[in-house]
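Residue-level structure breakdown
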Amino acid sequence: MSGWSAAAGNPHKKARTSPYPGSRVERSHVPDEKVSWLVEWPEYHSVDYTASSVLARPRWADPQVGESNFSPKFNEKDGHVDRRSRNGLYEVEDGRPRNPAGRTGLMGRGLLGRWGPNHAADPILTRWKRDSRGNKVTHPVSRKNILQFVAIKRRDCGEWAIPGGMVDPGEKISNTLKREFGEEVLDSLQKSRAERQELEEQLHRLFSQEHFVVYKGYVDDPRNTDNAWMETEAVNYHDETGEMTGCLPLKAGDEAKEVRWADIVDTLKLYASHSQMIQLVAEKLGAHWSGELHPDYYE
Ligand code: RP5
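Summarised in this report is the structure supplied together with it. (Residues numbered from 1 in each chain as written. Predicted model: local features only at pLDDT ≥ 70, side-chain atom pairs only at ≥ 80, totals over all residues. Heavy atoms only, no water.)

Things to note about the site of the ligand
- Lining the immediate environment of the ligand, one finds Ala120, Asp122, Arg154, Gly164, Gly165, Met166, Val219, Asp221, Arg223, Met230, Tyr271 and His274.
- Note that an oxygen atom of the ligand is positioned 2.8 Å from one of the side-chain N or O atoms of Arg154.
- One of the side-chain N or O atoms of His274 is found 2.9 Å from an oxygen atom in the ligand.
- Expressed as a share of its isolated accessible area of 360 Å², the protein-covered part of the ligand is 93%.
- At the level of secondary structure, the elements contributing two or more residues to the shell around the ligand comprise strand E7 (116-128) and strand E10 (165-166).
- Taken together, the residues of the shell around the ligand break down into five nonpolar, three polar and four charged. (Near = heavy atom within 4 Å. Polar contact = N/O pair within 3.5 Å; in protein donor to acceptor, adjacent residues only side chain to side chain. Areas by Shrake-Rupley, 256 points an atom, 1.4 Å probe, with all protein chains shown as cover. Helix = DSSP H or I, 4+ residues; strand = E, 2+ residues; numbered from the N terminus. Nonpolar A, V, L, I, M, F, W, Y, C, P; charged D, E, K, R; others polar.)

Below is the structure:
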């Protein structure tokens, strides 16, 4: 399984952007060649920032390192909190885990609750794009069929994204995938008990069909810091005939501004490293991904 990988000479980028999301905090500048911790950089100084919403200790956040009642077991399953990384063992320096993808210009946790990996799950629901007669639409250049996936416009940054979310402590990933999809894409939390039950049955049918794990590991997320980072498991559920998804009542939930079926093309600009995950799905299903259109096509 490929995907984002620092080793492949692809240093994280979004994890070095400023200002830090939801703040005016500027990260210190980290050039590409100094991202890796293996490159010595004695003058490296990163800005220390943890958002007040995290310091207020909601149930999903750890205490500060050094607090007397906090002795996390890094690289282990720590009670219900999974502090293992999908990218292998990570270093811990002065009690703080070190981002396996390298420097970010910011230490502390920013907006992330956990020191070390913060685990998420990303459901990628796909179907073939069809014309009004129900025939699959082919891209004029690549001659391959065009796929669509369910995308949300995130409320926090306005970027289009896969409707993923955080894994609750002790929660099974299969449950997170279904729960997040229901909340973000079908607005399940606002439905009546009867409507919710109907949606759950529909979701159960969709999510229990054959699926494939697209990617597991580090996400180049703009919220990452030197000591806290996002990891995900992205799973593709594909509706080959389009029958199961035809009457899916899409409605944006709390954390989304909009929801829609988006055509999969290489020009998609998506949140974090979501385009790489979507590309893997397109490749796996033999669908269209890239193909420059001749300018005449638009005339
Ligand atoms: C990304 O953040 C993951 O790939 C997932 O889509 C998302 C989870 O965070 P929230 O949407 O819960 O903020 O890194």
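Some points on the packing of aromatic side chains
- Here the structure, examined in full by the defined rule, presents seven aromatic pairs.
- Ring centres 6.4 Å apart and planes at 70 degrees place the aromatic pair Phe74 and Tyr90 in the edge-to-face group. Placement of the pair is Phe74 in the loop between helix H1 (52-55) and strand E2 (77-78) and Tyr90 in the loop between strand E3 (81-82) and strand E4 (92-93), with a sequence separation of 16 residues. Each member of the pair, Phe74 together with Tyr90, is buried.
- A ring pair is formed by Tyr90 and Trp229, whose centres lie 5.3 Å apart and whose planes are at 85 degrees; its orientation type is edge-to-face. Residue Tyr90 is located in the loop between E3 and E4, and its partner Trp229 is located in strand E12 (residues 228-239); the two are separated by 139 residues in the primary sequence.
- With relative accessibility at 6%, the residue Tyr90 sits in the buried group.
- Among the aromatic residues, those joined into a cluster by ring pairs are Trp37, Trp41 and Tyr44.
- Of note, Arg103 hangs over the ring of Tyr44, and the distance from its end group to the ring centre comes to 5.2 Å.
- The ring of Phe212 has Lys284 lying over it, and the distance from NZ or CZ to the ring centre is 4.8 Å. (Phe/Tyr/Trp six-rings, centres within 6.5 Å; stacked < 30°, edge-to-face > 60°. Buried < 20%, exposed > 50% of the residue type's maximum accessible area, 1.4 Å probe, protein only. Lys NZ or Arg CZ within 6 Å of the ring centre and 35° of its normal.)

Notes on the pattern of salt bridges
- Under the counting rule described, the total for this entry stands at 18 salt bridges.
- Notably, a salt bridge pairs Asp48 with Arg96, separated by 3.9 Å at the nearest N-O pair. Highlighted residues: Asp48 in strand E1 (residues 47-50) and Arg96 in strand E5 (residues 96-97), separated in sequence by 48 residues.
- Owing to a relative accessible area of 21%, Arg96 belongs among the partly exposed residues under this scheme.
- Here Glu171 and Arg179 are joined by a salt bridge, their closest N and O atoms 2.8 Å apart.
- Through salt bridges with shared partners, a single ionic network connects Asp168, Glu171, Arg179, Glu180 and Glu183. (Salt bridge = Lys/Arg side-chain N within 4 Å of Asp/Glu carboxyl O.)

Here we look at the packing of helix H2 (residues 173-185) against helix H3 (residues 193-207)
- Viewed as axis vectors pointing N to C, H2 and H3 meet at an angle of 130 degrees, and their least axial separation amounts to 11 Å. In terms of orientation, H2 lies oblique with respect to H3. Considering the relative orientation of H2 and H3, their crossing is right-handed. Every residue of H3 that contacts H2 at Leu177, Lys178, Phe181 and Gly182 is listed here: Leu203, His204 and Phe207.
- Here the contact of H2 with H3 is built from residues that sort into four nonpolar, two polar and one charged. (Axes fitted to C-alpha atoms, helices over the stretch in contact; angles between N-to-C directions. Parallel < 35°, antiparallel > 145°, perpendicular 65-115°, else oblique. Left-handed = near helix turned anticlockwise from the far one by under 90°. Contact = heavy atoms within 4.5 Å.)

Observations concerning H2
- The first and last C-alpha atoms of H2 sit 18 Å apart over 13 residues, in line with the 18 Å expected at 1.5 Å per residue.
- Turning to H2, its buried residues are Thr176, Leu177, Glu180, Phe181, Gly182, Glu183, Glu184 and Val185.
- Taken together, the buried residues of H2 touch E7, strand E8 (147-154), E10, H3, E12 and strand E13 (256-263).
- The positive-phi residue at the C-terminal boundary of H2 is Asp187, with phi of around 55 degrees. (Expected span 1.5 Å × (residues − 1).)

With respect to the side chain of His274
- You can see His274 is positioned in helix H4 (residues 274-284).
- In this view, His274 contacts Asp122, Ala161 and Ile162; residues no more than four positions away in its chain are not counted.

A look at the nonpolar core
- Counting residues in hydrophobic clusters, the biggest one holds 57 residues, and the most contacted among them are Ile124, Leu125, Phe149, Phe181, Val214 and Ile278.
- Residue contacts for Phe149: discarding those within four places in its chain leaves Ile124, Leu125, Thr126, Ala161, Ile162, Arg260, Trp261, Ala262, Ile264, Leu268, Leu270 and Ile278. (Core = buried A, V, L, I, M, F, W, Y, C linked by side-chain atoms within 4.5 Å.)

What about a negative patch on the surface?
- A surface patch of like charges, here negative, comprises Glu195, Glu198, Glu200 and Glu201.
- By the element assignment, Glu198 lies in helix H3.
- For Glu198, a relative accessible area of 56% gives the class exposed. (Patch = residues over 30% accessible without salt bridge, like charges linked within 9 Å, V, L, I, M, F, W, Y side chains within 5 Å. Lys, Arg positive; Asp, Glu negative; His and termini not counted. Charge placed at Lys NZ, Arg CZ, Asp CG, Glu CD.)

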